Amino acid sequence: MTMVDTRHPVRHAADLRPDLVGLAPENLVTRATPERRRPTLRRAVEELPWLVFAGVLPALLASNAEVPGRGILALLLVTLLPGIPVARLLRLPSLLASVVVVTGISIATHLVVAQMLLATGLAGSGPWLLCVGVLSVVLAAIAILRSRPEQVPIRWREPSPRHASHPASPRSILAAVGLLLALAFFAWAVVTTDTSPGSVTGTGLISAMPPPMALALGVLAIVAVSELTRPRLRERWLAAVTMVVAVVLLGYQSLVEQAASLPVAWYHVGFVSYIQTHGEVLKQFDARFSWPGFFAAAANLVQAAHYSDASPFLRFAPLAYNLLMAPPLLLLGRTLLSSRRVAWLGVILYYFGNWYQQDYFSPQATAMVLFISILAVLLWLTSGERGDAEGALGAFSPLRLPAAWRLKAQLVPGIGVGSVAALAGICWALVVAILVSHQLTPVMLIVALVVLRAFGRLRYRNLWFAVAVGFIGWIAYGATDFWAGHLHQILGDVGQVSSTLDSGVAARIKGDPAHLRMQYVRIGMCVMFAGLGFLGLLLRRKSWNHWLLACLAYSPFVMIALQSYGGEVLLRVFLFAMPGLALLAAELLGAMLARGKAATAVLALGLTVLGVWFVGARGANEAFERITPGQVQAARWVSATAPPGTEIDQFNNFTPLNSLWPSGVQGGETRHVVLVRDVISVRYDTNCSPTAAPSACILATHPAWLFLTSSQGAYETQVNGLPADWLQRTITELVSSKNYRLVYSMSDAWVLKRVDRPVRK
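Rules and cut-offs
- Residues numbered from 1 in each chain as written.
- Predicted model: local features only at pLDDT ≥ 70, side-chain atom pairs only at ≥ 80, totals over all residues.
- Heavy atoms only, no water.
- Helix = DSSP H or I, 4+ residues; strand = E, 2+ residues; numbered from the N terminus.
- Buried < 20%, exposed > 50% of the residue type's maximum accessible area, 1.4 Å probe, protein only.
- Polar contact = N/O pair within 3.5 Å; in protein donor to acceptor, adjacent residues only side chain to side chain.
- Contact = heavy atoms within 4.5 Å.
- Pairing = 2+ DSSP bridges.
- Salt bridge = Lys/Arg side-chain N within 4 Å of Asp/Glu carboxyl O.
- Axes fitted to C-alpha atoms, helices over the stretch in contact; angles between N-to-C directions.
- Parallel < 35°, antiparallel > 145°, perpendicular 65-115°, else oblique.
- Left-handed = near helix turned anticlockwise from the far one by under 90°.
- Nonpolar A, V, L, I, M, F, W, Y, C, P; charged D, E, K, R; others polar.
- pLDDT = per-residue confidence, 0-100.
- Core = buried A, V, L, I, M, F, W, Y, C linked by side-chain atoms within 4.5 Å.
- Phe/Tyr/Trp six-rings, centres within 6.5 Å; stacked < 30°, edge-to-face > 60°.

Quick look at the side chain of Thr-103
Looking at where Thr-103 falls in the secondary structure, it is placed in helix α5 (residues 95-119). Look at Thr-103 and you get buried, because its relative accessible area is 9%. A distance of 3.3 Å separates the side chain of Thr-103 from the backbone oxygen of Val-100, its partner in a polar contact. With near-sequence residues (within four places) excluded, Thr-103 lies in contact with Thr-79 and Leu-324.

Below, the structure written as structure tokens:
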């Protein structure tokens, strides 16, 4: 073993592992072994399993064989193929960058292929699997034929914290960490079995959370902090701890609930079902059908899994999306932050701050994974020697931004011209997938690319302009239904900051005291992360990388001046801002890792409190956002029973009945089930007096069918101030009036049908 030459640290170490750039040369150890070429036969043997995998998995899903776990296999296909053959072909010098490429290009390929098949009238799982399977096999075969020099392995060790003592023996450390993780899992398992969703009060999920959840969070915080303060960083253990944190935080609500919450996700079930049934989108129906890439790919996924609809994917979608976010977010942190320890802490903080529930089964959650993947790959690509402006221009100054704009970013060592071109193609595939899947993410991507260009970190210097042209092109030709006749709605919010804030904040801060308290809990977490991110920037205020990260984190707030997004603009702002805010906050809190045992104990305690805070913020609306199996069963009964042309009303849209919209539309003309109004409460219906009883309002509007659930009742009670027993009293009054009869009844769902009135056609 020989030490790296301190006079030329990058030339020796970063050529082999460019993700080590920035570490002190005395902390790098490598072997003085010359490069050598592996025989083609040996390379073929190494690649053969991947070739078999690329061909067998699509063929298995294309068959009608009832293989156990077809849903899991379909998800593996979406996240691994054709990404693995692409990564094996590129042979990037960073394993983490390769993982990001695998998931990013795989998801993007499925979105783009599904959109192309939908546009050509060939939508279906058969053509989809054929295209993906052939592409994966071809790329795997090319990888076998291509030979690359074997790269020399390298080890690294980061500087030890000042308070660190001699490490204990490896066996004792592993035993202690394993015991603590087992304890955390045991406490979490007790929590998930003891939590009763039916006992949730106005304060949300935290009102039903047993005390062992705090124990599980505390143990995880201790394990995470202890791993981050070790003399030698064990990234495999940190990866395991981070995954456990994601499962405990994001999997808690999913396991406690027996059906997926967030009623808006059930809308997407209906969209997917329509494409699955008819092989096309419904024109002039909903703006989301102007970006059908996600729904088309989801329809193919449902068919390949042999599911009747997309509902099985809803429950654990938040956990899956957050696990997919970890690799690109970690790569982004390694590239821009001061150390690997801080990067890992940033990923953990992201999970602790992700309360805003935009990670359900949706286009924006899928596009967000691709968005972060693009930024991570582009910034990693330009992380070579003097690749950032700090190396060329010195400490950060706004006056030096014009010079940074003209700066040509240096490539990470070990990347050739072919790999640069291939990565450009991969980034474009991800961009196209975003363009056809979500309307807001391309705008934020353009802003982020301009930030990278301004800081001299965009290798493809005009990429931001090309994405803007592509976005305008799709709006003009692919999303005609979106803007035709609705330009006044699209442009009417521009510059209306006051009204946007009113709809996004003030209009939501209402209801009973418990509900108000939990909304303030959510606002407090947003303010805290924004403040921690700003303090982290101040700590590293001379660094170009941290100013770049700050611009990425705070630039989404410009959306407030552009669009209200139906009153959800602040949720979308934090969707794009939280990754950067979490990384900047990690830079601030990471300074505590080397300040002694007292500071690290405070950090562990802070993470525990933040975990409990997260449960309260994320589950604040659990009482009325929760969907129960009984409600799902009632919605399916309505779908099977209601005759064509039936009009169904509901007090609000906190029901799974949304899954019938527009899945029941027949041929784009006759609707099987028509949801005439989502809201007919006394607060919003123009035919009723604000002081009228709900039953009087219903009798005045004469809906043919009425779909009621306990979640609707909880919403009207907590937010609109109706009495706690108003729903049962309304049902009794309607039945007693002889105008309606109860045709379906469960403990949490009821269906009423109008008596002696013909169904309106």
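On we go.
Considerations on the pairing of strand β12 (residues 749-754)
On a regular strand, each side chain points to the face opposite its neighbour's, so the side chains alternate between the two faces of the sheet. Most of β12 is tucked away: five of the six residues are buried. Taken together, the five bridges between strand β10 (residues 705-709) and β12 define a ladder with antiparallel strand orientation. Looking across to β12, one finds that Thr-709 is bridged to Ala-749. For strand β11 (residues 740-745) and β12, the ladder comprises five bridges, and the chain directions are antiparallel. Its bridge partner being in β12, Arg-741 is matched across the sheet by Lys-753. Between β11 and the antiparallel strand that follows it, β12, lie three residues.

Concerning the pattern of salt bridges
Within the structure shown, the criterion is met by nine salt bridges. The shortest N-O distance in the salt bridge between Arg-572 and Glu-568 comes to 3.1 Å. The exposure class of Glu-568 is partly exposed, given its relative accessible area of 28%. Via salt bridges that share partners, Glu-235, Arg-334 and Arg-340 belong to a single interconnected network.

What about the packing of helix α18 (residues 441-454) against helix α19 (residues 463-478)?
The interhelical angle for the contact between α18 and α19, taken along N-to-C directions, is 165°, at an axis separation of 8 Å. Here α19 runs roughly antiparallel to α18, going by the angle between their axes. The two elements α18 and α19 meet at a crossing, and its hand is left-handed. Where α18 approaches α19, its residues Pro-442, Val-443, Leu-445, Ile-446, Leu-449, Val-450 and Arg-453 are matched on the opposing element by Leu-463, Trp-464, Val-467, Ala-468 and Phe-471. Residues belonging to the contact of α18 with α19 are distributed by class as follows: eleven nonpolar, no polar and one charged.

A look at the confidence of the model for the chain
Across the chain, the average pLDDT comes to 84, with 84% of residues at 70 or higher. Segment residues 1-38: pLDDT under 50, and 79 contacts once partners within four positions in sequence are set aside and those in other chains are kept. Low pLDDT (under 50) marks residues 149-169, which in the prediction has 63 contacts with non-local residues, meaning those over four places away or in another chain.

Here's the deal with the side chain of Glu-587
In this fold, Glu-587 is placed in helix α25 (residues 569-590). Given a relative accessible area of 1%, Glu-587 falls into the buried group. Separated by 2.5 Å, the side chains of Glu-587 and His-546 make a polar contact. In this structure Glu-587 touches Leu-337, Ser-338, Val-342, Gly-536, Leu-539, Arg-540 and His-546, once residues within four positions along its chain are discounted.

Focus: the environment of Asp-502
Following the sequence through the fold, Asp-502 ends up in helix α22 (residues 497-504). Classification of Asp-502 as partly exposed rests on a relative accessible area of 44%. Asp-502 sits 62 residues away from Ser-564 along the chain, and the two C-alpha atoms are 9.4 Å apart.

With respect to the nonpolar core
If you look at the biggest cluster of nonpolar residues, it comprises 207 residues, and the most contacted ones within it are Leu-349 and Leu-423. Considering each element in turn, this core owes the most residues, 16 residues, to α25. Those residues in contact with Leu-349, other than ones at most four positions away along the chain, are Phe-529, Ala-582, Ala-585, Ala-586, Leu-589, Leu-607 and Leu-610. Membership of the second largest hydrophobic core comes to 13 residues, among which are Ala-634, Ala-642, Phe-707 and Val-751.

Remarks on the packing of aromatic side chains
For the structure shown, the criterion picks out 25 aromatic pairs. Ring geometry for Phe-371 against Phe-576: centres 5.4 Å apart, planes inclined by 80°, an arrangement best described as edge-to-face. Note that Phe-371 is positioned in helix α14 (residues 363-381) and Phe-576 in helix α25, a separation of 205 residues in sequence. In this pair, the class of Phe-371 matches that of Phe-576, namely buried. An angle of 80° between the planes, with centres 5.7 Å apart, marks the rings of Phe-557 and Phe-574 as edge-to-face. Residue Phe-557 is located in the loop between α24 (544-554) and α25, and its partner Phe-574 is located in helix α25; the two are separated by 17 residues in the primary sequence. When its relative accessible area of 27% is taken as the criterion, Phe-557 is described as partly exposed.

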